[in-house]
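Structural description and commentary
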Amino acid sequence: MISGRTPPITSEDGLDEVVRILDQSTIIVHGFDAPITRWSSGAEKLYGWTAEEAIGRIVSELLATKFVEPAESISRALRTRGTWSGELIHHHKLGHSVPVSSQISCLAIGDPDNLVVVQLNTEISELKNAQLDLASREALLRSILETVPESMIVIDEAGLITSFSAAAEQLFGYSLPEVLGQNVRMLMPSPHRQAHDSYIGNYLRTDERRIIGYGRVVTGQRKDGSSFPMELAIGEAIADGRRIFTGFIRDLTSRHKIEEELRQAQKMEAVGQLTGGIAHDFNNLLTVISGNLEMLEARITE
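Residues numbered from 1 in each chain as written. Predicted model: local features only at pLDDT ≥ 70, side-chain atom pairs only at ≥ 80, totals over all residues. Heavy atoms only, no water.

Attention now goes to the overall build of the chain. The helix and strand inventory of the chain stands at ten helices and twelve strands. Taking all 302 residues of the chain together, 31% fall into the buried category. The long-range share in the chain, meaning contacts at least 24 apart out of those at least 6 apart in sequence, stands at 42%. Split by element, the accessible area of the chain, about 18,600 Å² in all, is 56% carbon and sulfur. (Helix = DSSP H or I, 4+ residues; strand = E, 2+ residues; numbered from the N terminus. Buried < 20%, exposed > 50% of the residue type's maximum accessible area, 1.4 Å probe, protein only. Contact = heavy atoms within 4.5 Å. Areas by Shrake-Rupley, 256 points an atom, 1.4 Å probe, with all protein chains shown as cover.)

Right under this line is the structure:
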């Protein structure tokens, strides 16, 4: 007898009527650790066993059930609460696995101590495959975010950061938990920080592309407040009907330093060339002066 709430009292005929009405569903009726007594046509289609083959067998043995939680825990829940729901892994007659979402109820037939278990199972293979595919995609994205050499940041149409690569963490000095869900303007110095939301809003209203699909040089701001030049290229995609924006960032600090050093070198070269020209001209002038002095000296001597 169930120690919690009292199960519905019904009859064998009433149970047969329920199974008949729900025949296309996957209905299995059995006792506690007792053989199967009813096996719907829905169960035949899902598991491959006919009613004649299934009735009289122990359901967990017939379907080689794998329990997400111990079978004893499920049995205890049925005896104390009268119901249990969760996921199970059954197996088809041909051997392949059949993941199901199971709703299990405990009913009393005539006598409160005469308990039967009614399972209503729904196949969730497509859901599981979708979950595996999603997990695979998430693992791939994590791998990309961890290994892509350039910084990559993904934001939604509200400007909130949804992905932040390892390279971006190193570049900006923020860890992933510090930026997830935060507005990307935190990575910009003023006045761009204050104007950023209006940029996105204007684009969503007008579709006027000022930076989408193009690279441009902008200024970023690190966690420590320092600013640096960076090249930013932004791509756009639509997921679940919402726009997402992916930004690829290249730190230009070293390039700008090299360019500045090159400019200084060019200046020094120009100065050197100018100095060399002046020295050459001065040397020519000295030669003329020296020649004139020699001529004057010769005349004076005469």
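Another aspect to go through is the pattern of salt bridges. A full pass over the atoms with the stated rule returns ten salt bridges. Notably, a salt bridge pairs Lys128 with Glu87, separated by 2.7 Å at the nearest N-O pair. Remark: Glu87 occurs in strand β5 (residues 83–91) and Lys128 occurs in helix α6 (residues 125–147); sequence separation between them is 41 residues. Between Glu178 and Lys223 there is a salt bridge, with the nearest N and O atoms lying 2.7 Å from each other. Here the residue Glu178 occupies a position in helix α8 (residues 176–179), and Lys223 occupies one in the loop between β10 (215–221) and β11 (227–239), the gap between them amounting to 45 residues. For Lys223, a relative accessible area of 44% puts it in the partly exposed group. Through salt bridges with shared partners, a single network forms among Glu150, Glu231 and Arg250. (Salt bridge = Lys/Arg side-chain N within 4 Å of Asp/Glu carboxyl O.)

Now for the nonpolar core. In summary, soluble globular proteins display a tendency toward joint burial of nonpolar side chains. In terms of nonpolar packing, the biggest core is built from 25 residues, with Ile28, Trp39, Tyr47 and Leu63 touching the most fellow members. Broken down by secondary-structure element, the contributors of at least two residues to this core are β3 (36–39), α2 (41–47), α3 (51–54), α4 (59–62), α5 (71–81), β5, β6 (97–109) and β7 (115–123). In terms of residue count, β6 provides more of this core than any other element does, five residues in total. Residues in contact with Tyr47, not counting those within four places in the same chain, are Thr26, Ile28, Trp39, Leu63, His90, His91, His92, Lys93, Val98, Val100 and Asn121. (Core = buried A, V, L, I, M, F, W, Y, C linked by side-chain atoms within 4.5 Å.)

Residue placement: His30 occurs in strand β2 (residues 26–30). You can call His30 buried: its relative accessible area is 9%. Separated by 89 residues in the primary sequence, His30 and Gln119 have C-alpha atoms spaced 8.5 Å apart. In contact with His30, not counting residues within four places along its chain, are Pro35, Ile36, Thr37, Val59, Val116, Val117 and Gln119.

Note that β10 and β11 share seven bridges and pair antiparallel. Residue Gly215 lies in a different strand from β11, and its bridge partner there is Ala233. In sequence, β10 turns back onto β11 through a hairpin of five residues, with Gly225 there showing a positive phi of about 95°. Pairing geometry for β11 and strand β12 (residues 242–251), over ten bridges, is antiparallel. From the neighbouring strand, Gly235 faces β12, where its bridge partner is Thr246. Between the antiparallel neighbours β11 and β12 lie two residues, among them Asp240 with a positive phi of about 55°. (Pairing = 2+ DSSP bridges.)

Another aspect to go through is the sheet that holds strand β9 (residues 161–164). Sheet architecture is open: five strands sit in the order β9-β8-β12-β11-β10, paired in antiparallel fashion. In the strand order of this sheet, the two ends are held by β9 and β10, each with one partner. Recorded for the sheet is a direction-independent mean angle of 35° between the axes of neighbouring strands. The pairing of strand β8 (residues 151–156) with β12 spans six bridges and is classified as antiparallel. (Axes fitted to C-alpha atoms, helices over the stretch in contact; angles between N-to-C directions.)

Turning our attention to the packing of aromatic side chains. The tally for this structure, following the rule as stated, stands at three aromatic pairs. Arranged with centres 6.3 Å apart and planes meeting at 45°, the rings of Phe164 and Phe172 form a pair that is tilted. Like Phe172, Phe164 is buried. Three or more aromatic residues link up through ring pairs in this structure, and these residues are Phe164, Phe172 and Phe228. It is Arg57 that lies over the ring of Trp49; its NZ or CZ is 5.6 Å from the centre. Over the ring of Phe32 we find Arg79, and its NZ or CZ is 3.9 Å from the ring centre. (Phe/Tyr/Trp six-rings, centres within 6.5 Å; stacked < 30°, edge-to-face > 60°. Lys NZ or Arg CZ within 6 Å of the ring centre and 35° of its normal.)

A few words now on a nonpolar patch on the surface. Taken together, the side chains of Val18, Ile21 and Leu22 make up a nonpolar region of the molecular surface, amounting to roughly 260 Å² of accessible area. Tracing the backbone through its elements, the reader meets Val18 in helix α1 (residues 12–21). The partly exposed category is assigned to Val18, whose relative accessible area is 43%. (Patch = residues over 30% accessible without salt bridge, like charges linked within 9 Å, V, L, I, M, F, W, Y side chains within 5 Å.)

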